[in-house]
Amino acid sequence: MASKVWSEDRFSCPVCLEILKDPVAIPCGHSYCMGCIKNCWNQTDLTGVYSCPQCRKTFTPMPDLCRNTMLAEVVEELKKTGLNPPPAQSYAGPGDVPCDVCTGRKFKAVKSCLTCLASYCETHVRPHSEVSPLKRHKLVNAIGNLEQKLCAEHQRLCEVFCRTDQTCICLLCSQNEHKSHDTVSAEAERTGKQKQLGETQTEIQQRIQERLKDVDELKQAVKSLKRSACIEIKESEKIFTELIRSIEKIHTEVTELIGANEKAAVNQADGCMKKLEQEIAELINRNSELKQLSETEDHIHFLQNFQSLCAPPEAGDLPSITVNTDISFGAVRKAVSELKDHIEDFCKGELVKITKTVNEVAVYSLQAPEPRNRAEFLKYSCQLTLDPNTAYRNLCLSEGNRKVTRRRETQRYRDHPERFDSWPQVLCREGLSGTRCYWEIACSGGGASIGVTYKGISRKGGDHYSSLGFNDKSWSLRCSDFSYTARHNNNHTAITAPRSPRIGVYLDFNAGTLSFYGVSDTMTLLHRFQTTFTEPLYPGFWLWGSDSSVTICHLN
């Protein structure tokens with residue numbers, strides 16, 4: 001066993017760690033495979049200085065490489081006696097990083113060297129843990145496309161990140177064309193990006209949890225819907241069965257009514273016919289007697305019976321009869337037909353109501369997510385202009401009715417029923433409803449309140465009921481130099497937050513939310529009202545500070 005280990009160490013190439021192939025000895029005395037040493041030296045051919053991979057002795061120019069015949073014969077002889085086999089390894093497959101040193105079919109690389117810019121299998125990575133100069137190289141888990149980590153211009157490792165151009169560069173680039181740029185080490189930039197990556201991961205994980213919750217709620221809603229549908233189908237079936245039974249009962253009653261009427265009429269007619277037939281028989285019998293009397297030759301017999309036989313016939317029990325020759329139950333059929341039409345019309349109308357009710361049942365409703373940054377808020381930006389007909393007489397409108405300033409002098413406004421006559425307020429022309437809207441306001445001067453109101457807010461009188469936020473028709477945010485106050489129906493909430501140069505107002509009418517944000521580099525939520533809006537809302541402003549002004553910002 002010892003002799004085999006000795007043989008393997010002495011006759012293995014220090015580069016590929018396999019038995020020497022076409023062995024050559026370089027001037028320092030170390031031996032290599034012909035192909036391995038050529039590959040090593042070809043990589044440094046630009047410098048003109050060639051070194052031994054083991055002892056680092058340099059040669060200029062490149063020594064001639066000739067096959068060592070005697071060493072080759074010894075190696076062949078040792079191959080016949082047998083050497084230790086290489087460690088068990090798996091060959092590189094699709095998606096694996098192949099070893100850059102293996103010849104023929106390549107083994108799977110386990111490490112990549114960022115200094116050598118090469119990937120090595122378990123066998124060929126050994127020198128990096130055994131040879132002192134190689135121990136200083138940086139090894140990482142095997143990665144592919146190492147050439148992409150080289151600077152295309154200088155063929156050197158990209159170790160620097162240019163923040164100005166947002167690209168990876170080498171040290172030479174940072175000293176030349178990127179000299180005046182903001183550059184940091186790749187590791188330092190990675191640290192900052194890693195934090196951002198963590199925040200993104202946290203956000204994604206939060207979204208995953210939200211979506212998992214949505215899925216769970218959907219599953220529960222579907223189960224509830226199926227259970228409810230099953231119950232309603234059974235209950236509806238009972239109701240319709242009872243309805244069918246009621247119709248069948250009416251059908252039976254009508255049939256029985258017709259039958260009973262028919263039977264009574266027939267019985268009555270049969271009785272009448274019997275009496276008629278009896279009367280007819282009596283009349284026929286009397287007529288026969290009268291005939292016999294008229295034909296007798298016995299005058300005495302004739303005279304004796306004439307008085308009784310020729311007396312007028314007695315009136316029968318039956319009055320005069322008029323027979324209805326057009327007798328039928330057609331009127332009943334018409335009434336039943338009208339009942340059918342009435343039921344069908346009623347059912348059609350009720351079916352429309354039922355269909356509408358059923359269609360309103362939904363497992364979920366789709367709604368766009370709440371905006372998370374200013375770019376997303378700007379998707380809902382709307383154009384607003386101030387309405388001069390509502391402006392208090394000491395408010396001056398300018399910049400195309402997008403700016404209002406409180407002045408000491410009275411403005412020349414015409415009388416108008418919608419004008420505020422006691423408080424320095426003004427509303428916008430546009431009524432907002434049924435959608436999402438976003439606008440931004442810049443305030444300056446003493447102070448102002450920003451809000452929205454229904455059109456029915458009081459415009460007259462000196463009480464605070466006509467002020468924004470002091471009634472149940474309006475919502476406002478009072479902005480001063482040091483604080484904010486949210487107010488609705490004269491209920492207020494104090495807010496502590498830094499003064500922002502702009503206030504963003506976000507209205508989601510259908511969701512019933514009105515949100516105020518401090519706008520700077522980020523969006524800071526100051527306050528959110530949650531309610532149910534029942535009428536269009538008109539943005540408005542109350543300039544309670546002297547010489548204060550409010551500007552509706554252009555967002556496009």
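Residues numbered from 1 in each chain as written. Predicted model: local features only at pLDDT ≥ 70, side-chain atom pairs only at ≥ 80, totals over all residues. Heavy atoms only, no water.

Each helix and strand counted, the protein chain has ten helices and 23 strands in total. Relative to its length of 556 residues, the protein chain is extended, with a C-alpha radius of gyration of 54 Å against a globular reference of 24 Å. Judged by the C-alpha coordinates and their principal axes, the protein chain covers about 190 × 100 × 35 Å. When the 556 residues of the protein chain are sorted by exposure, 30% land in the buried category. Pairs at least 24 apart in sequence give 55% of the contacts found in the protein chain among residues at least 6 apart. Side chains of the protein chain give 69 positive and 69 negative charges; the mean places of these two sets differ by 14 Å. (Helix = DSSP H or I, 4+ residues; strand = E, 2+ residues; numbered from the N terminus. Rg over C-alpha atoms; globule rule 2.2 N^0.38 Å. Buried < 20%, exposed > 50% of the residue type's maximum accessible area, 1.4 Å probe, protein only. Contact = heavy atoms within 4.5 Å. Lys, Arg positive; Asp, Glu negative; His and termini not counted. Charge placed at Lys NZ, Arg CZ, Asp CG, Glu CD.)

Okay, the sheet that holds strand 7 (residues 139-141) next. Spatially, 6-5-7 is the arrangement adopted by the three strands of the open sheet, whose pairing is antiparallel. Of all the strands in the sheet, the pair left with one neighbour each is strand 6 (118-120) and strand 7. Sheet twist, expressed as the mean angle between neighbouring strand axes with direction ignored, is 35°. Relative to strand 6, strand 5 (residues 111-113) is paired through three bridges, and the arrangement is antiparallel. Considered in strand 6, the bridge of Cys113 is made with Ala118. (Pairing = 2+ DSSP bridges. Axes fitted to C-alpha atoms, helices over the stretch in contact; angles between N-to-C directions.)

It is worth spelling out helix 8 (residues 299-309) at this point. Of all eleven residues making up helix 8, only one are buried, and the element is barely covered by its neighbours. Where helix 8 starts, the residue carrying a side-chain oxygen 3.1 Å from the main-chain nitrogen of Ile300 turns out to be Asp298. (Polar contact = N/O pair within 3.5 Å; in protein donor to acceptor, adjacent residues only side chain to side chain.)

Now for the environment of Ile244. For Ile244, the position within the fold is in helix 7 (residues 186-295). Residue class for Ile244 comes out partly exposed when judged on its relative accessible area of 48%. On a C-alpha basis, the gap between Ile244 and Glu376 in space is 58 Å, while along the polypeptide they are 132 residues apart.

Let's shift gears to the sheet that holds strand 10 (residues 183-185). Pairing is antiparallel in the open sheet, where three strands are placed in the order 9-8-10. For this open sheet the edge positions go to strand 9 (167-169) and strand 10, each flanked by a neighbour on one side alone. Going across the sheet, the axis of each strand differs from the next one's by a mean of 35°, ignoring polarity. In this structure, strand 8 (residues 160-162) lies alongside strand 10, joined through three bridges in antiparallel fashion. Looking across to strand 10, one finds that Cys162 is bridged to Thr183. Helix 7 contacts strand 8 and strand 10 of the sheet and is inclined by roughly 90° relative to strand 10.

A few words on the confidence of the model for the protein chain. Do not read the predicted coordinates in detail wherever pLDDT is low. For the protein chain, the average pLDDT comes to 86, and 94% of its residues sit at 70 or higher. Of all the helices and strands in the protein chain, helix 1 (residues 2-10) carries the lowest mean pLDDT, 47, while strand 22 (residues 538-542) carries the highest, 97. Counting contacts from residues 1-7, a segment whose pLDDT is below 50, to residues more than four positions away or on other chains yields seven contacts. (pLDDT = per-residue confidence, 0-100.)

This brings us to the pairing of strand 21 (residues 523-530). Pairing analysis gives seven bridges linking strand 20 (residues 513-519) to strand 21, with the strands arranged antiparallel. The partner of Thr513 across the bridge, within strand 21, is Gln530. In textbook terms, the turn of a hairpin is the stretch between consecutive antiparallel strands, and for strand 20 and strand 21 this stretch comprises three residues.

What follows is about the nonpolar core. By size, the foremost hydrophobic cluster in this structure holds 41 residues, and its most contacted members are Trp439, Ile450, Leu477, Ile503, Leu514 and Phe541. With four residues, strand 14 (residues 436-444) is the largest single contributor of residues to this core. If near-sequence neighbours (up to four positions away) are discounted, Phe541 is found in contact with Leu386, Pro424, Gln425, Val426, Cys428, Ile441, Ser449, Ile450, Leu468, Val550 and Ile552. One finds Ile26, Met34, Ile37 and Leu78 within the second-largest nonpolar core, a separate group that totals 21 residues. (Core = buried A, V, L, I, M, F, W, Y, C linked by side-chain atoms within 4.5 Å.)

Next up on the list: the pattern of salt bridges. The final tally for this structure, using the stated rule, is 17 salt bridges. Between Lys455 and Glu418 there is a salt bridge whose closest N-O contact spans 3.9 Å. Within this pair, whereas Lys455 is found in the loop between strand 15 (448-453) and strand 16 (474-479), its partner Glu418 is found in the loop between strand 12 (403-406) and strand 13 (425-427), the two being separated by 37 residues in sequence. Overall, the relative accessible area of 43% leaves Lys455 in the partly exposed class. (Salt bridge = Lys/Arg side-chain N within 4 Å of Asp/Glu carboxyl O.)

The next thing to look at is the packing of aromatic side chains. For the structure shown, the criterion picks out 14 aromatic pairs. An angle of 75° between the planes, with centres 5.9 Å apart, marks the rings of Phe470 and Trp542 as edge-to-face. Highlighted residues: Phe470 in the loop between strand 15 and strand 16 and Trp542 in strand 22, separated in sequence by 72 residues. When the ring of Trp475 is compared with that of Phe533, the centres are 5.2 Å apart and the planes differ by 85°; the resulting orientation is edge-to-face. Of this pair, Trp475 sits in strand 16 while Phe533 sits in the loop between strand 21 and strand 22, and the two are 58 residues apart along the sequence. Neither residue differs from the other here; Trp475 and Phe533 are each classed as buried. Grouping aromatic residues by their ring pairs yields a cluster made of Phe377, Tyr380, Tyr438, Tyr506 and Tyr517. Lying over the aromatic face of Tyr91, Arg105 brings its terminal NZ or CZ to 4.0 Å of the ring centre. Residue placement shows Arg478 over the ring face of Trp544; its charged tip is 3.7 Å from the ring centre. (Phe/Tyr/Trp six-rings, centres within 6.5 Å; stacked < 30°, edge-to-face > 60°. Lys NZ or Arg CZ within 6 Å of the ring centre and 35° of its normal.)

On the surface, a nonpolar cluster with roughly 480 Å² of combined accessible area is contributed by Phe240, Leu243, Ile247, Ile250, Leu339 and Ile343. Secondary-structure elements contributing two or more residues to the nonpolar patch are helix 7 and helix 9 (330-359). Tallying contributions element by element places helix 7 first for the nonpolar patch, with four residues. If you trace the backbone, Leu243 turns up in helix 7. (Patch = residues over 30% accessible without salt bridge, like charges linked within 9 Å, V, L, I, M, F, W, Y side chains within 5 Å. Areas by Shrake-Rupley, 256 points an atom, 1.4 Å probe, with all protein chains shown as cover.)

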